[in-house]
Amino acid sequence: VSNSEGDLLFLLDSSGSVSYYEFSRVKEFMWDLVQPFTFGPKDVQTSIIHISTTPTMEFPFDRYQSSGALQQAIRDTQQLMGDTNTGKALSYAKEKLFSGEAGARPDVPKVLVWVTDGFSTDDISEPMKLLKDMGVTVFIVSTGRGNYLELSAAASQPPEKHLHFVDVDDLTIITKELRDSILDVIQANRLHAVDITSSSFHLVWPKLLSQETGYYTLEYAPIDDLARKRTHQVSGAHSSLTLSNLAPETTYEVALIPESNIHYFPPQTTRVTTLAEEISPAQVLISESGPHSFHVSWAPTLDSVTSYQVLYGPLPGNSVKLLEVDAQHNGTVVENLAANTTYLVTVTAIYRSGKERSLSAKACTQE
């Protein structure tokens, strides 16, 4: 996950109310959560603050610029024990999230992930409100019982997206959902791509303009052939665009240039890599075989396919019959067959481009 700029702070319960085993499982969870991100001054930066008698920063945001170094730093993090002074830690976090000395950056999204056993010895409501008022998005993961009303008030709204109650041994259940939610926050104010396929992706960007105040120029080209740059102009009323007819397994450099007649907005750039080209059929399956029929199915079904042809005939033999199947279906029943006979079945996909691809399977009818 690259081109996602944000400062991510873990508030880690390091107090004596947490067992050594729980602390080690939470460290694993933290690493799993951030492992796919790219780290650096133009990407994600991460820091950890311990909740203890006195809050302590494990390392500043800008210290670790690679996955390997960050993984080792999380692994080396030691539990401090002491009291669970979460309110103090939140006040300290507010200071560090906006501090250049701590490596935090101005004008990037701020995300706080508080992992707790649900217990705090001091008040959290006021410092948490101050954090959220300053634009910090707060996610809370409670591995203990905790007070639902208190924690749901502390998390960003809505709580069903920002508050998780999970046993410490089941943290992996929420990893992807929480990571996706963090990514939504980080990418909300940046140009990014969603719905990536082998030949297209959908670009989304923050609403900077309106129909009256300007338009956007979008430029994109494969990074290994920037001379093939293409340009689109998009109304200021829009904040997304689908780019299609792209090459598979290719990284594109994309630039969004807001052309405003009121304010200057800096261009935003991102890199997007299309997926490997999907082919159909990649699998052919024979099922529900009887004496005089069987079911043929295939996968995947692709938008780039206009129809499928199913050829079948007994082995050995030269007689072949044909069934036509429309592109929306991925299976058909073949009937009026001879019992106890082996058939060769060939499924051919006819692509919109005129290309064809076939795959065969053998099928036996029952006695």
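Residues numbered from 1 in each chain as written. Predicted model: local features only at pLDDT ≥ 70, side-chain atom pairs only at ≥ 80, totals over all residues. Heavy atoms only, no water.

**Q** Whenever I open this one, the pattern of salt bridges confuses me. Can you help?
**A** Side chains bearing opposite charge may pair, as long as their charged atoms lie close to each other. Scanning all chains against the criterion turns up 13 salt bridges. Between arginine 105 and glutamate 5 there is a salt bridge, and its shortest N-O distance comes to 3.8 Å. Here the residue arginine 105 occupies a position in the loop between helix 3 (86–97) and strand 4 (110–116), and glutamate 5 occupies one in the segment before strand 1 (6–13), the gap between them amounting to 100 residues. Taken as a pair, arginine 105 and glutamate 5 share a single burial class, namely buried. Measuring nitrogen to oxygen at the nearest pair gives 2.8 Å for the salt bridge that ties aspartate 7 to lysine 110. Taken as a pair, aspartate 7 in strand 1 and lysine 110 in strand 4 lie far apart in primary sequence, 103 residues in all. Connected via shared salt-bridge partners are Glu5, Asp7, Arg105, Lys110 and Arg190. (Salt bridge = Lys/Arg side-chain N within 4 Å of Asp/Glu carboxyl O. Helix = DSSP H or I, 4+ residues; strand = E, 2+ residues; numbered from the N terminus. Buried < 20%, exposed > 50% of the residue type's maximum accessible area, 1.4 Å probe, protein only.)

**Q** Can you help me understand empty space enclosed by the protein in this one?
**A** The gaps of empty space that remain are located by a probe, the size of a water molecule, rolled over the atoms. Scanning all chains against the criterion turns up one cavity of 30 Å³ or more. Every residue lining the largest cavity is listed: Leu12, Asp13, Val18, Glu22, Phe23, Val26, Val115, Thr116, Asp117, Thr143 and Val168. Looking at the lining of the largest cavity, the element that brings in the most residues is helix 1 (residues 20–34), giving three residues. (1 Å grid on protein atoms, 1.4 Å probe; cavity = no way out; pocket = protein on both sides within 12 Å on 5 of 7 lines; lining within 4 Å. Points joined across faces, edges and corners; volume = space filled by probe spheres on them.)

**Q** What should I look at first to understand the sheet that holds strand 12 (residues 251–260) in this one?
**A** Sheet strands associate in pairs through backbone hydrogen bonding, adopting either a parallel or an antiparallel arrangement. Strand order in the open sheet formed by four strands is 10-9-12-13, and the pairing between neighbours is antiparallel. A single partner strand is all that each edge strand has here, and the edge strands are strand 10 (230–235) and strand 13 (268–273). Ignoring strand direction, the axes of neighbouring strands in this sheet form an average angle of 20 degrees. Where strand 9 (residues 214–222) and strand 10 come together, six bridges link them in antiparallel fashion. By the bridge assignment, threonine 217 is partnered in strand 10 with glutamine 233. (Pairing = 2+ DSSP bridges. Axes fitted to C-alpha atoms, helices over the stretch in contact; angles between N-to-C directions.)

**Q** Just to check I follow, could you spell out the pairing of strand 5 (residues 137–142) for this structure?
**A** In regular strands, side chains alternate between the two faces of the sheet. Along strand 5, six of the six residues are buried, which leaves the element largely enclosed by surrounding structure. Burial along strand 5 is two-sided: the face carrying Thr137, Phe139 and Val141 and the face carrying Val138, Ile140 and Ser142 are both buried. Examined bridge by bridge, strand 4 and strand 5 share six bridges and lie parallel to one another. Counterpart to leucine 112 in the pairing with strand 5 is valine 138. As paired strands, strand 5 and strand 6 (residues 163–165) are joined by three bridges and run parallel to one another. Across the sheet, valine 141 pairs through a bridge with histidine 164, a residue of strand 6.

**Q** Any chance you could explain the UniProt feature "domain: Fibronectin type-III" (unreviewed entry) in the chain here in plain terms?
**A** Taken from the UniProt record, the annotation "domain: Fibronectin type-III" (unreviewed entry) applies to residues 187–278 and 280–367. Split by type, residues 187–278 is 1% helix and 46% strand. Its first and last C-alpha atoms lie 27 Å apart. As a span, residues 280–367 carries 0% helix and 57% strand, and end to end its C-alpha atoms are 32 Å apart. (UniProt positions renumbered as here; feature names shortened; annotations may be inferred.)

**Q** Whenever I open this one, the sheet that holds strand 17 (residues 321–326) confuses me. Can you help?
**A** Strand order in the open sheet formed by four strands is 17-16-19-20, with antiparallel pairing between adjacent strands. Strand pairing shows two members of the sheet lacking a second neighbour, strand 17 and strand 20 (356–364), which therefore form its edges. Direction aside, neighbouring strands of the sheet carry axes that sit 20 degrees apart on average.

**Q** Looking at this structure, I do not really get unusual backbone geometry. What am I missing?
**A** Excluding glycine, residues mostly carry a negative phi; peptide bonds, for their part, are mostly trans. The omega angle of the peptide bond from alanine 299 to proline 300 is -5 degrees, so this bond is cis rather than trans. With respect to the helices and strands, proline 300 occurs in the loop between strand 15 (294–299) and strand 16 (305–314). The omega torsion of the bond from leucine 315 to proline 316 falls at -10 degrees, within 30 degrees of zero and hence cis. As for its placement among the helices and strands, proline 316 is situated in the loop between strand 16 and strand 17. At glutamate 288, a position not held by glycine, the phi torsion is positive, near 50 degrees.

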